[in-house]
Amino acid sequence: MLLQPSAAIVNTPAQEPVTSFLQLVRYFEQQATPQVGWRVGLEHEKLAVRRNGAPIPFEGPQGLWALLQRCERLGFVPEMEAGHPIALWRGDDKISLEPGGQVEMSAAPAQTMTQAASAMRSHLRELRAVAQDLDITFIAGGFRPFGTLEDVPWQPKRRYEIMRRFLPAQGGRLAWEMMKRTATVQFNFDFLNEADAVERMRSAFAVSSLVTALSASSPFVDGKPSGYRSYRAAVWLETDEHRCGLLPFALGPESSFAGYADWALDVPMFFIVRNDQHIAFDGSVTFRSFWQRGFEHQGQQHHATMGDWETHLSTVFPEVRLKKTIEMRGADAAPLPVAFGLGALWRGLTDDPLARQAAWELVAYATSDEREVTRREVPALGLGARLGRFALKDLAPKLVQIAAQGLARLPGGEGDVALLDPLVELAQQGRCPADEMLATFAQHQGDPTALVAAWELH
């Protein structure tokens, strides 16, 4: 009988040992995509609530596990951990639950934002149909508006259990708030090569606070106005500054894949996975030290693999993140028209080189210190914040116009331009969704049932 090669001596790409810094850099180089293959990836988190605004438990006949089980009837296949589904897959579409029960949909990559928006609306129709009998509805917003932190249950997922202990120990005073009560909409884009990726990241970091201000839709905490327009963004300021925020080196002329890898190497690691078991770290182990010296656990020595590098890259949270794609992370989970407009904005600003350069030139005057000041002012002030000598409300209309011009030059971009309409209106008025939410709150005198109906996702 013909013997097959032993699995014990054949490394998968994830099991490949890390032997050099160049190997880590090449990970990014290997993700380069020809322009004909560029896609938009949309990830949207929804706040699941009862009609009175209460959070949904995981357990029980009307809980979140029951919701996922019903989604299996739609052709989704569960991915299990400890007897519970942690994600559902249908082709490249994925439904998952965040630490506090936020329901995330990661749609299959689409050629245009219009296509991505259509897929997300179809997903929402399916999800609402299976959730209706469970007394579950979904609302827009970057932070859960009703109830307290203690009211929100924890998802019993090993990765989240580790983060739950790790982040507060690193000084993350509001890390639990980030995990349990925030919601975002994120967009992923391909890149042609290193030079293309570096330009995309430079422009995206440069305007990220402006996009956060345009999307701000989380003005409430514990059922009351908080004084913030994006409390989600305020929470991220006190989550873990080792792995969050702006990366000044990415805005410089010498930015590179090597620079990003060098930064990520010195971020403390959460965990590694061996034999389906998570081995947690205590904050003292960076990827650099793990790669160079290994790590001993229960008498066994572990060494870094490319799979560990890929996992580690998913546990750093800068405003713009480099993995297999470039991920734009700075927005609240705004009402859908605004969320889709943000996707169109990012596509126009990043996929079109001329728009990318124009966006950079719009804000290139600002210093690193000024950008950080703006990042810290935007949560409270929204478009009322300043970036150096200019107010964001004066920059926003110009940025949206640059995006529209970029979209008009992209394949299928003409259809995406119409998605910008809600942003055009917000930018012209110097407002953000939080301003409308505050007006609605006053109109209904803070009544949760009326507000859930007003903020329900359609």
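Just above sits the structure.
Residues numbered from 1 in each chain as written. Predicted model: local features only at pLDDT ≥ 70, side-chain atom pairs only at ≥ 80, totals over all residues. Heavy atoms only, no water.

Peer 1: Quick question: what am I supposed to make of the overall build of the chain here?
Peer 2: Secondary structure assignment for the chain yields 18 helices and 19 strands. The globule rule puts the C-alpha radius of gyration for 458 residues at 23 Å, and the 22 Å found for the chain is close to it. Its C-alpha atoms give the chain principal-axis dimensions of about 75 × 55 × 45 Å. Taken across its 458 residues, the chain has 57% of its residues classed as buried. In the chain, 73% of the contacts between residues at least 6 apart in sequence involve partners at least 24 apart. Just so you have it, the chain exposes about 18,800 Å², and 51% of that area is on carbon and sulfur atoms. (Helix = DSSP H or I, 4+ residues; strand = E, 2+ residues; numbered from the N terminus. Rg over C-alpha atoms; globule rule 2.2 N^0.38 Å. Buried < 20%, exposed > 50% of the residue type's maximum accessible area, 1.4 Å probe, protein only. Contact = heavy atoms within 4.5 Å. Areas by Shrake-Rupley, 256 points an atom, 1.4 Å probe, with all protein chains shown as cover.)

Peer 1: Got a minute to help me understand the pairing of strand β2 (residues 77-81) in this structure?
Peer 2: Regular strands place their side chains on alternate faces of the sheet. When β2 meets strand β3 (residues 84-90), the two strands line up antiparallel, connected through 5 bridges. Note that in β3 the partner of Pro 78 across the bridge is Leu 88. Hairpin remark: β2 followed by β3, antiparallel, with 2 residues in the connecting loop; positive phi at Ala 82, about 55°. (Pairing = 2+ DSSP bridges.)

Peer 1: Looking at this structure, how should I read the pattern of salt bridges?
Peer 2: Pairing between side chains becomes possible if they bear opposite charge and their charged atoms approach one another. Evaluated as defined, the whole model comprises 28 salt bridges. A salt bridge links Arg 70 to Asp 133, with the nearest nitrogen and oxygen atoms 3.8 Å apart. On the criterion of sequence distance, the pair formed by Arg 70 in helix α2 (residues 64-71) and Asp 133 in the loop between α3 (113-131) and β6 (137-139) is long-range, its members being 63 residues apart. With its nearest N and O atoms 3.1 Å apart, the salt bridge here joins Arg 329 to Glu 327. Connected through salt bridges with shared partners, the residues Asp 196, Glu 199, Arg 200, Arg 347, Asp 351, Arg 356 and Asp 416 form a single ionic network. (Salt bridge = Lys/Arg side-chain N within 4 Å of Asp/Glu carboxyl O.)

Peer 1: Would you take a moment to explain the nonpolar core for this structure?
Peer 2: Side chains of nonpolar character tend, in soluble globular proteins, to be buried together. Grouped together as the largest cluster of nonpolar side chains are 115 residues, with contacts concentrated most on Leu 67 and Trp 309. Formed by 20 residues, the second largest nonpolar core is a distinct cluster that contains Ile 162, Leu 174, Ala 234 and Cys 244. (Core = buried A, V, L, I, M, F, W, Y, C linked by side-chain atoms within 4.5 Å.)

Peer 1: Got a minute to help me understand the side chain of Asp 308 in this structure?
Peer 2: Mapping Asp 308 onto the fold places it in helix α10 (residues 306-313). Relative accessible area serves as the criterion here: at 5%, Asp 308 is assigned to the buried category. Among the polar contacts made by the side chain of Asp 308, one reaches the side chain of Arg 274 at a distance of 2.7 Å. Ignoring anything within four residues of it in the chain, the contact list for Asp 308 reads Ile 272, Arg 274, Phe 287, Phe 290 and His 303. (Polar contact = N/O pair within 3.5 Å; in protein donor to acceptor, adjacent residues only side chain to side chain.)

Peer 1: How should I be thinking about the packing of aromatic side chains in this particular structure?
Peer 2: Given two aromatic rings, one states the distance between the centres and the angle between the planes to describe the pair. What the rule picks out here adds up to 21 aromatic pairs. Ring plane angle 80° and centroid distance 5.7 Å describe the contact between Tyr 27 and Phe 28, whose orientation is recorded as edge-to-face. Of the aromatic side chains, those joined through ring pairs into one cluster are Tyr 27, Phe 28, Phe 191, Phe 257, Tyr 260, Trp 263, Phe 281, Phe 287, Phe 290, Phe 295 and Trp 309. (Phe/Tyr/Trp six-rings, centres within 6.5 Å; stacked < 30°, edge-to-face > 60°.)

Peer 1: Quick question: what am I supposed to make of α3 here?
Peer 2: In this model α3 runs 26 Å from its N-terminal to its C-terminal C-alpha over 19 residues, within 8% of the 27 Å that 1.5 Å per residue would give. Among the residues making up α3, those that are buried are Met 113, Ala 116, Ala 117, Met 120, His 123, Leu 124, Leu 127, Val 130 and Ala 131. Angular distribution of buried residues about the axis of α3 spans 150°; they occupy a single face of the element. (Expected span 1.5 Å × (residues − 1). Arc of directions from axis to C-beta.)

Peer 1: Any chance you could explain the environment of Val 18 here in plain terms?
Peer 2: Tracing the backbone through its elements, the reader meets Val 18 in the segment before α1 (21-29). Distance in space between the C-alpha atoms of Val 18 and Thr 305 is 5.1 Å, their sequence separation being 287 residues. Setting aside residues no more than four positions away along its own chain, Val 18 makes contact with Gln 23, Leu 24, Trp 291, Ala 304, Thr 305 and Met 306.

Peer 1: How should I be thinking about the pairing of strand β12 (residues 277-280) in this particular structure?
Peer 2: Pairing of strand β11 (residues 271-274) with β12, which is carried by 4 bridges, proceeds in the antiparallel orientation. By the bridge assignment for β12, Phe 271 is matched with Ala 280. Connecting the antiparallel pair β11 and β12 is a turn made up of 2 residues, with Asn 275 showing a positive phi of about 55°.

Peer 1: Hey, could you run me through the packing of helix α6 (residues 194-215) against helix α11 (residues 336-351) in this one?
Peer 2: Two measures define how a pair of helices packs: the angle their axes make with one another and the distance between the axes. Where α6 contacts α11, the axes come no closer than 11 Å and their chain directions differ by 160°. Taken together, the axes of α6 and α11 are roughly antiparallel relative to one another. Along this stretch, α6 crosses α11, giving a crossing that reads as right-handed. Contact residues: α6 offers Arg 200, Ala 204, Val 207, Val 211, Leu 214 and Ser 215, while α11 offers Val 338, Leu 342, Leu 345, Trp 346, Leu 349, Thr 350 and Asp 351. Considering only residue class, the contact of α6 with α11 consists of 9 nonpolar, 2 polar and 2 charged. (Axes fitted to C-alpha atoms, helices over the stretch in contact; angles between N-to-C directions. Parallel < 35°, antiparallel > 145°, perpendicular 65-115°, else oblique. Left-handed = near helix turned anticlockwise from the far one by under 90°. Nonpolar A, V, L, I, M, F, W, Y, C, P; charged D, E, K, R; others polar.)

Peer 1: Whenever I open this one, the environment of Leu 345 confuses me. Can you help?
Peer 2: You can see Leu 345 is positioned in helix α11. Beyond its immediate chain neighbours, meaning those up to four positions away, Leu 345 contacts Val 211, Leu 399, Val 400, Ala 403, Leu 420 and Leu 423.

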